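Residue-level listing of the chains:
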Amino acid sequence: MPGDMVAIRGSGLTGCALNKVNVYLLSASGGSSGGYQDLLAADLPVDTAHGNSIAFRHEVPTPVFSSNAETTIAGPVNRITVHCADEEEDVLAQTAIEINAYQARETKTPPAELPAKRLIVEPAAGAPGTEVTLWTDLRCGPSNADDDARVTWGGHELTKLSVQNTRNKGEAYRFTVPDGPDRGPRPVTVSCFAQGAGMPDNGVTLRTDFRVAQPELTLTPAQPTAGQPLRIAGSGFVACGRPVDGGTGSLTVRHGTAVLGTVPVAADGRFAGDVRVPRELPGGDGTLTVACTTGAGYDGDFSVRVAVLGAAETAAAAVAADRSEAAVNLPSPGALFDEPRPVLLAGATAVVALPVLGFSAELFNKTWEQNHLRIRRRLRPGAARPRSQPRVPELQVLAFVLLSASFCVAVEPGTGWNAGTAALALALVAAVPLGVLVYEGSAEAYRRRVSRIRALPRLLPGALGVALVLAAASRLLHLTPGYVYGLFLAFTSAGLRRMSPADEGRAIAIGSWSLAGLAVVAWVWRIPVTHILNESDGAPFGWVFAEDLLTQCFVAAVVGLVFGLLPMQFMDGHALWQWNRWAWAAIYALAVFLFALALLDPTGAAEGITRAMWLRSTTLFATAALASLTFWTIFRLRPPR
């Protein structure tokens, strides 16, 4: 049927000097000068690497019908023929096709400017496959024997017309822009077949131009940034958008030799999609190229010159804009889940972490239970002094918050006496106690409801040491964002409250899930804030503070869960482990998954690179197992006297 999309394939097409062919639809119904034909493809390159073949999809046109009827009729079998572009007389290959309708004469009113221009095409520009109406007032002979006119496209015969034009109103013909690689202005001409005395337009050739649209490519932002997403949009890839085997076409986007990704192409040649610029891509000028992923078709490729902002320049720009590098480097959830490999590795890391850390914790806990008296004598010789509450506990809490925040500010690259550092410091001062309140507050609310006994907040001095160790590790390993640990507060009832292991485990589970919820909410809320800062020319202090606050809430919550829920003595994870190991496994697997995916190597994970994530996760778990094994070995080799 006319309008159907058909796949046209040919092979063994040899003998063409230019290695290009034209493809025609030859109509069985013809005039006195022979059958009518429609040009389907012009100057189509022959693929010599695949059996001298061609392959493209084309919409079946409605062939010309030579009578004056104004309705379509059923027609006989037609043919699709292939000819050398430089020699159209000989047929290289042909096949039959049945068309059940033909064009009737146009009855529309011709354009008003036709008498002056004599040849008009509407529209005057478009992509291959665009339907065009050709109007002409050319006057050939008055009879069927000499009324045929030749229409050409770029020097190739496009079709034949019957143009008696006895009423001087003009004739019309509908055709589709032929497939082919040629772009820019293409000459369209009309002239009479019969030439000689007595012909109204003897020796006259009318000409106009149709402009085949050039490929277009738009980048958003105009200057790509290493490690950031890039929006690719444009048009002009018709052959790629109509794969011969059906389905949806796609374009591969490259910068030099680096592949950035693929974007889908519609049947009209338009395309739009997002790719990510690799973080390791060097900055500076380069060439960005789009080409059909399959390599098939006649579209070729299209390139533009772009200047990429490299990773070093990105960090410098972020610092110049008063944004912390930690906030800039932490990717959004959508950026991480675009690539399957980091997600799969993070999931595998979470699964492997459970037995490894569980075994390490059991080894540590058993060793502690068997040797706790010796350990206490070593650590605290003599009688233990009773602990006294500080006179002003609020000042002690404030001091702990400021010290924990200062550790994290110190490891942030590019800090100094500027607005960005002030925003980061304020964000940490707010994020650290917020994480404590969410975790300990929700757990304490459950304990108070069960026991009906209130408890007072108590500082954990050892937590400050953990924060210091993590800050130093972040600095030495160049981890961005750095690891924030702020679970430095607990509640005590001075021995008046006795909680069963089950109730204590449930309290810790409630606190852990609350802290995980804080992490997820902060991570999601970062998306609009980061979008506003990326689109703005400057960096307003309020938005920078909001981005830092949400970033540090996420980091502190995830790090607190990963290290605070280790199932070892003196850690909350031990109580949860003793109560219900499945409950511990559920929350700890989520924490390790987020930790591995977003914090071990955030920029690499966003680009689908997993090497650093694998190395760091392996090092982390190996260190935990080695520490427990060393602890056990010390007391195994030195039995008590």
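Residues numbered from 1 in each chain as written. Predicted model: local features only at pLDDT ≥ 70, side-chain atom pairs only at ≥ 80, totals over all residues. Heavy atoms only, no water.

Caption draft 1: Just the environment of R526, in detail. Among the secondary structure elements, R526 is positioned in helix α10 (residues 501-535). If near-sequence neighbours (up to four positions away) are discounted, R526 is found in contact with A327, L330, P331, E547, L550 and T551. Side-chain polar atoms of R526 contact the side chain of T551, separated by 2.8 Å. (Helix = DSSP H or I, 4+ residues; strand = E, 2+ residues; numbered from the N terminus. Contact = heavy atoms within 4.5 Å. Polar contact = N/O pair within 3.5 Å; in protein donor to acceptor, adjacent residues only side chain to side chain.)

Caption draft 2: A look at the state of the cysteines. One pass over the structure, following the stated rule, counts 2 disulfides. Here C16 connects covalently by a disulfide to C84, the sulfurs 2.1 Å from one another. What sets the handedness of the C16 and C84 disulfide is the S-S torsion sign, and at about -80° it is left-handed. Separated by 68 residues along the polypeptide, C16 in the loop between β1 (5-10) and β2 (20-31) and C84 in strand β5 (residues 77-84) bring together distant segments of the chain. Each member of the pair C16 and C84 is classed as buried. The disulfide that involves C240 links it to C292, with 2.3 Å between the sulfurs. On the sign convention where negative means left-handed, the S-S torsion of about 85° between C240 and C292 marks this disulfide as right-handed. Of the two residues, C240 sits in helix α2 (residues 238-241) while C292 sits in strand β20 (residues 284-292), which places them 52 residues apart along the sequence. Comparing C240 with C292 shows no difference in burial state: the two are buried. (Disulfide = S-S within 2.5 Å. Buried < 20%, exposed > 50% of the residue type's maximum accessible area, 1.4 Å probe, protein only.)

Caption draft 3: Spotlight on the environment of V308. By the secondary structure assignment, V308 is in strand β21 (residues 301-308). Taking relative accessible area as the criterion, V308 reaches 5% and is therefore assigned buried. V308 sits 31 residues away from V277 along the chain, and the two C-alpha atoms are 8.9 Å apart. Excluding its chain neighbours within four sequence positions, the residues that come into contact with V308 are P224, A226, H255, V277, L281, P282, G283 and G284.

Caption draft 4: Structural context of a nonpolar patch on the surface. Where nonpolar side chains cluster on the molecular surface, the patch consists of V520, V521, V524, W525 and I527 and spans about 440 Å² of accessible area. Within the secondary structure layout, V524 lies in helix α10. (Patch = residues over 30% accessible without salt bridge, like charges linked within 9 Å, V, L, I, M, F, W, Y side chains within 5 Å. Areas by Shrake-Rupley, 256 points an atom, 1.4 Å probe, with all protein chains shown as cover. Salt bridge = Lys/Arg side-chain N within 4 Å of Asp/Glu carboxyl O.)

Read these as geometric descriptors, not functional statements.
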